[in-house]
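Architecture at a glance
The primary structure of each chain is shown beneath.
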Amino acid sequence: MQKIDQACVNTLRFLAADQVEKAKSGHPGFPLGTAPLMYTIWDRYMSYNPANPNWFNRDRFILSPGHGSALLYAMLHLAGYDLSLEELQNFRQWGSKTPGHPEYGLTPGVDVSTGPLGHGFAMGVGFAIAEAMLAGKYNKPDFPVVNHYTYGLTSDGDLMEGVSCEAASLAGTLGLGKLIYLYDDNKITIEGDTSIAFTEDVEARFKAYGWQVLRVADSEDVEAMAAAIKEAQADTTHPSLIIVRTHIGFGSPKQDSPSCHGEPLGAEALAATKEKAGWPQEMFYIPTEAKEHFEAKLPACAKAEADWNSLMEDYKACYPELAAELADRMAGKINVDLEALEAIFKDQAKSATRASSGDVIQKLAEQVPALVGGSADLGPSNKTVMKAGGYFSKLDHKGRNIHFGVREHAMGTVLNGLALHGGFVPFGGTFLVFADFLRPTIRMAALMGIQSIFVLTHDSIALGEDGPTHQPIETTMGLRLIPNVSVIRPADALETAVAWKQACLNKTKPTCLLLSRQNLPVMHEYAAVIHENAAKGAYVLSPAKEAAKVILIGTGSEVELALKAQAKLAEEGIDASIVSMPSWDLFDAQSEEYKESVLPAGVTKFAVEAGVPYGWSRYTGSEKNVLGITTFGASAPGGVMLEKYGFTVDNLVAKVKAAL
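A quick note: this is a predicted structure, and the numbers were derived from the prediction, not measured.

Describing the overall build of the protein
Along the protein, the regular secondary structure elements total 27 helices and 20 strands. Seen along its three principal axes, the alpha-carbon backbone of the protein occupies a region of about 90 × 60 × 45 Å. Per-residue burial for the protein yields a buried fraction of 60% across its 660 residues. Across the protein, the fraction of contacts at a sequence separation of at least 24, relative to all contacts at a separation of at least 6, is 77%. Summed over all atoms, the accessible surface of the protein reaches about 24500 Å², with 52% contributed by carbon and sulfur. Put simply, the protein has 57 plus and 77 minus side-chain charges, and the middle of one group is 3 Å from the middle of the other.

Regarding helix 2 (residues 29-45)
The terminal C-alpha atoms of helix 2, which comprises 17 residues, lie 25 Å apart, in line with the 24 Å expected from a rise of 1.5 Å per residue. At A35, helix 2 shows its largest bend, some 55°, and a proline, P36, comes one to four positions later. Counting buried positions along helix 2 gives 15 out of 17 residues, so the element sits mostly inside the fold.

Things to note about the sheet that holds strand 10 (residues 401-403)
Sheet strands line up and pair through hydrogen bonds in the backbone, either parallel or antiparallel. Taking strand neighbours across the sheet as the criterion, the six strands line up as 10-9-11-12-14-13 in an open arrangement whose pairing is parallel. Of all the strands in the sheet, just strand 10 and strand 13 (486-488) have a single pairing partner and so form its edges. The average angle at which neighbouring strand axes cross in this sheet is 20°, direction not considered. As judged from the three bridges shared by strand 9 (residues 371-375) and strand 10, these two strands associate in the parallel manner. Residue G373 lies in a different strand from strand 10, and its bridge partner there is N401.

Focus on helix 9 (residues 222-234)
With 13 residues, helix 9 should reach 18 Å at 1.5 Å per residue; the first-to-last C-alpha distance of 19 Å fits that figure. All of the buried residues in helix 9 are V222, M225, A226, A228, I229, A232 and Q233. In a view along the axis of helix 9, the buried residues occupy a sector of 160°, so they form one face of it. What points out from helix 9, more than 90 degrees from its buried face, is the exposed set K230 and A234. On the buried face of helix 9, the contacting elements are helix 1 (3-23), helix 2, strand 2 (150-155), strand 3 (179-185), strand 6 (212-216) and strand 7 (240-245).

Points about unusual backbone geometry
Phi is positive for F284, which is not a glycine, with a value near 60°. Residue position: F284 is located in the loop between helix 10 (267-277) and helix 11 (288-295).

Here we look at the side chain of S516
For S516, the position within the fold is in the loop between strand 14 (511-514) and strand 15 (519-521). Setting aside chain neighbours within four positions, we find S516 in contact with A352, T353, R354, H458 and D459.

Description of the pattern of salt bridges
Applying the stated rule across the entire model yields 27 salt bridges. Residue D307 pairs with K303 through a salt bridge whose shortest N-O separation is 2.7 Å. Of the two residues, D307 and K303 both sit in helix 12 (residues 298-318), four residues apart, roughly one turn of that helix. Residue classification places D307 among the partly exposed positions, given a relative accessible area of 41%. It is possible to trace a salt-bridge network through shared partners that takes in D5, D43, R44, E223 and K297.

Basis of the calculations
Residues numbered from 1 in each chain as written. Predicted model: local features only at pLDDT ≥ 70, side-chain atom pairs only at ≥ 80, totals over all residues. Heavy atoms only, no water. Helix = DSSP H or I, 4+ residues; strand = E, 2+ residues; numbered from the N terminus. Buried < 20%, exposed > 50% of the residue type's maximum accessible area, 1.4 Å probe, protein only. Contact = heavy atoms within 4.5 Å. Areas by Shrake-Rupley, 256 points an atom, 1.4 Å probe, with all protein chains shown as cover. Lys, Arg positive; Asp, Glu negative; His and termini not counted. Charge placed at Lys NZ, Arg CZ, Asp CG, Glu CD. Expected span 1.5 Å × (residues − 1). Bend = angle between axes of the 7 residues up to and from the residue. Pairing = 2+ DSSP bridges. Axes fitted to C-alpha atoms, helices over the stretch in contact; angles between N-to-C directions. Arc of directions from axis to C-beta. Salt bridge = Lys/Arg side-chain N within 4 Å of Asp/Glu carboxyl O.

As structure tokens, then:
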């Protein structure tokens with residue numbers, strides 16, 4: 001290793017180790033072992049501009065084993081990002097920009113939140129699809145306006161996780177040649193040698209997935225790693241995994257031991273490691289030559305962005321319409337014509353909300369060029385196919401539909417990668433009950449505050465004959481528990497149109513659209529009130545004729561039942577008001593005055609939803625005032641299921657009268 005390379009690598013190593021030591025918490029082993037890998041990517045190949053961390057055509061970098069965050073922070077500091085040495089010294093402390101795992105939106109230069117192993121690896125597939133899809137549409141001869149790579153470090157733990165297997169298989173199938181990962185092959189896990197649980201031939205597995213696999217025998221050989229990355233770039237039709245034999249805790253007394261994974265080295269061991277490397281004992285020491293090496297790169301970093309801006313100006317002159325559309329996508333500019341969406345249903349009497357969603361998607365595809373998506377092999381059932389969108393594939397990068405295959409977990413991570421990359425409003429579909437496969441990705445989308453849309457159909461026991469394995473009972477409530485997720489369960493086609501508009505415009509959180517299999521009446525008589533109020537999460541759909549004795553709250557398909565119960569109660573002299581509540585979170589965000597106008601104090605409230613009743617007491621005052629389900633379902637036609645589980649007018653009326 002050249003002298004300057006060694007100085008920079010050791011700077012990264014010991015800045016990371018010092019962060020962990022000072023915090024008395026963290027993971028020093030990974031940074032010590034993989035600092036040369038990080039350095040090689042950033043020094044030889046990364047295209048970036050620390051003065052503008054969000055430059056659209058920058059290369060993306062993913063630290064999939066997010067527990068090694070101290071190494072990334074050291075790299076960002078050296079590279080010139082707005083991450084001071086004081087922030088590194090405040091590693092893992094309250095209010096710092098250097099949390100225990102990288103957090104998107106908090107630390108300049110962090111392209112993705114990582115920590116749950118495998119997720120970073122899989123989100124990188126979304127980044128690579130995003131680059132290829134945009135390049136396929138907008139690039140023209142002499143105008144490579146979208147042209148960047150996704151690089152990352154991945155680990156044994158990442159590759160053990162199922163989500164990385166799903167994503168790697170998809171990436172190979174799609175031939176994502178600009179996705180390049182360096183694999184930290186240190187053969188150590190927390191519990192011991194990887195041989196205790198991970199003995200497969202990783203090289204053979206990834207070749208079977210359709211990846212190019214390269215090897216570097218010595219992690220200290222920067223030139224060999226640089227050559228491997230260059231070789232990876234030369235293969236434009238396969239993603240690349242570069243297997244680098246590394247040593248966890250390199251150079252320390254704890255090298256190749258699990259003991260240096262998740263705890264500080266300790267003062268004595270850290271001092272010995274520095275002494276062995278010929279490094280000063282001073283904490284957070286940065287040699288002048290390392291600092292100057294990266295400072296010297298800054299003019300070239302700025303020039304890279306300036307050259308791209310100039311290219312974009314020339315592109316705008318030659319292709320003004322495409323340039324304007326791309327600029328809107330990069331800026332996240334979205335226009336949704338709700339009236340045009342609602343007009344789709346003017347002649348429809350009934351429609352399953354999954355079918356209504358499919359109709360809306362067709363119209364949105366015209367209105368929102370950034371809309372892309374697919375399904376976990378359930379497109380015909382989820383109604384998620386954009387009929388005029390074409391399919392993204394290894395041979396065609398212009399398609400807007402994505403075949404995810406039966407890979408719900410990877411689908412969610414890819415959606416998150418697309419959303420993080422920018423230029424996309426991504427959606428993915430499956431059955432609601434299979435949101436359990438998606439839940440970790442929904443949580444990460446919520447944590448990062450990104451616009452992934454999850455189309456979750458077959459939303460209740462009314463899906464019928466497929467039985468309890470496919471009938472979501474607790475799933476809706478479970479999704480509502482995740483902070484910063486918008487969960488919308490529309491009652492008909494018109495509410496579905498509003499829900500989709502909300503999902504497209506809500507850029508700071510993911511949205512889950514919960515949709516029915518069975519047909520539901522289109523509530524044309526309430527069209528005006530739906531148009532005006534459905535986006536507020538809850539609203540008075542059908543007011544009582546005089547003073548309401550009870551407010552019936554319904555969601556989704558149960559709003560129809562509530563309306564029928566209202567008529568029956570009126571026959572018995574009980575005046576009821578019907579509130580449609582498609583979204584708890586949207587309603588909770590309204591003013592106190594509005595919420596009081598919908599659910600005034602002093603009036604009995606009763607909710608009906610084909611799911612667990614737990615949680616509804618926040619609106620009804622008691623879980624006794626809920627018609628729900630507390631057991632798993634059964635296999636029978638949907639109508640029979642609803643009757644057997646008590647979702648009938650007579651039973652609802654009886655329950656309401658008992659509550660009164």
